[in-house]
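Spelled out, the chains give:
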Amino acid sequence: MTLRAELGDLVTAIDHVGIAVPDLDAAIAFHRETFGLEVAHEEVNEEQGVREAMLRAPGDTTGAAIQLLAPSRPDSTIAKFLDRSGPGLQQLALRVTDVDAACDALRAKGLRVLFEKPKRGTSDSRVNFVHPKDAGGVLVELVQPAESH
């Protein structure tokens, strides 16, 4: 069975694209004023050391979002990304129905996922990441939304 067939029932949508930014408030203002996007959700994820905001087109409540990620501490992954690469596209996130099953299928095909167990993501989602070296140079996030979302 191909990887496509194994993951085809698990992947339901492009969830968001993540953009690393040094200043969350300035980035929100830019996207609001330039593109008319609205903040759908904003939070601090202490475990990952980020301040983040999910932006969507006006009136869109379920479609793909832009996730702005700013470091909340200097040792966070986003701070390291900014130091190495500067601001810009940091990841592509796919919405999945079962992040554990998706990770198991990827591992079975020899792909690396970054965490042994999924971590808490935005709005209490469960997330894990496919190593960029196994995904054409792109950090792919797998997002299983929280039950209430």
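Please refer to the structure placed before this passage.
Now for a description of the structure that goes with this document.

Basis of the calculations
Residues numbered from 1 in each chain as written. Predicted model: local features only at pLDDT ≥ 70, side-chain atom pairs only at ≥ 80, totals over all residues. Heavy atoms only, no water. Helix = DSSP H or I, 4+ residues; strand = E, 2+ residues; numbered from the N terminus. Buried < 20%, exposed > 50% of the residue type's maximum accessible area, 1.4 Å probe, protein only. Contact = heavy atoms within 4.5 Å. Areas by Shrake-Rupley, 256 points an atom, 1.4 Å probe, with all protein chains shown as cover. Core = buried A, V, L, I, M, F, W, Y, C linked by side-chain atoms within 4.5 Å. Arc of directions from axis to C-beta. Salt bridge = Lys/Arg side-chain N within 4 Å of Asp/Glu carboxyl O. Phe/Tyr/Trp six-rings, centres within 6.5 Å; stacked < 30°, edge-to-face > 60°. Lys NZ or Arg CZ within 6 Å of the ring centre and 35° of its normal.

Let's shift gears to the overall build of the protein chain. A tally of regular secondary structure across the protein chain gives four helices and eight strands. Along the protein chain, helices and strands appear, N-terminal first, in the series α-β-α-β-β-β-α-β-α-β-β-β. Principal-axis analysis of the C-alpha atoms gives the protein chain an extent of 45 × 35 × 25 Å. Expressed as a percentage of the 149 residues in the protein chain, the buried residues total 40%. Across the protein chain, the fraction of contacts at a sequence separation of at least 24, relative to all contacts at a separation of at least 6, is 55%. When the accessible area of the protein chain is evaluated, it comes to approximately 8,100 Å², of which 54% is carbon and sulfur surface.

Time to look at the nonpolar core. Core analysis: the largest hydrophobic core is formed by twelve residues, namely Leu7, Leu10, Val96, Val99, Ala102, Cys103, Ala105, Leu106, Val113, Val130, Val140 and Leu142. Counting residues per element, the ones that place at least two in this core are helix H4 (99-108) and strand S8 (140-144). Top element by residues in this core is H4. It accounts for five residues. If near-sequence neighbours (up to four positions away) are discounted, Leu7 is found in contact with Ala102, Ala105 and Leu106. Leu24, Ile28, Leu55 and Ala70 belong to the second largest nonpolar core, which has ten residues in total.

Among all positions of helix H3 (residues 77-85), only Ile78, Ala79, Phe81 and Leu82 are buried. An end-on view of H3 places all buried positions within 160° of arc, on one side of the element. Those residues of H3 that are exposed and angled more than 90 degrees off the buried face are Thr77, Asp83 and Arg84. On the buried face of H3, the contacting elements are strand S1 (11-20), strand S3 (50-56), strand S4 (65-71) and strand S5 (88-96). Looking at the residues trailing H3, positive phi occurs at Gly86, about 80°.

For the rest of this paragraph, the subject is the pattern of salt bridges. On inspection of all chains with the given rule, the structure shows ten salt bridges. With its nearest N and O atoms 2.9 Å apart, the salt bridge here joins Arg120 to Asp124. One network of salt bridges, with partners in common, ties together Asp25, Glu42 and Arg51.

A separate point is the packing of aromatic side chains. Under the counting rule described, the total for this entry stands at two aromatic pairs. Ring centres of Phe30 and Phe35 lie 5.6 Å apart, and the angle between their planes is 85°; this geometry places the pair in the edge-to-face category. Residue class for Phe35 comes out exposed when judged on its relative accessible area of 52%. Centroid distance Phe115 to Phe129: 6.0 Å. Interplanar angle 80°. Geometry classified as edge-to-face. Pair noted here: Phe115 is in the loop between H4 and strand S6 (119-120) and Phe129 is in strand S7 (residues 126-130), with a separation of 14 residues, a long-range link. Its guanidinium or amino end placed over the ring of Phe115, Lys119 lies 4.7 Å from that ring's centre, counting from NZ or CZ.

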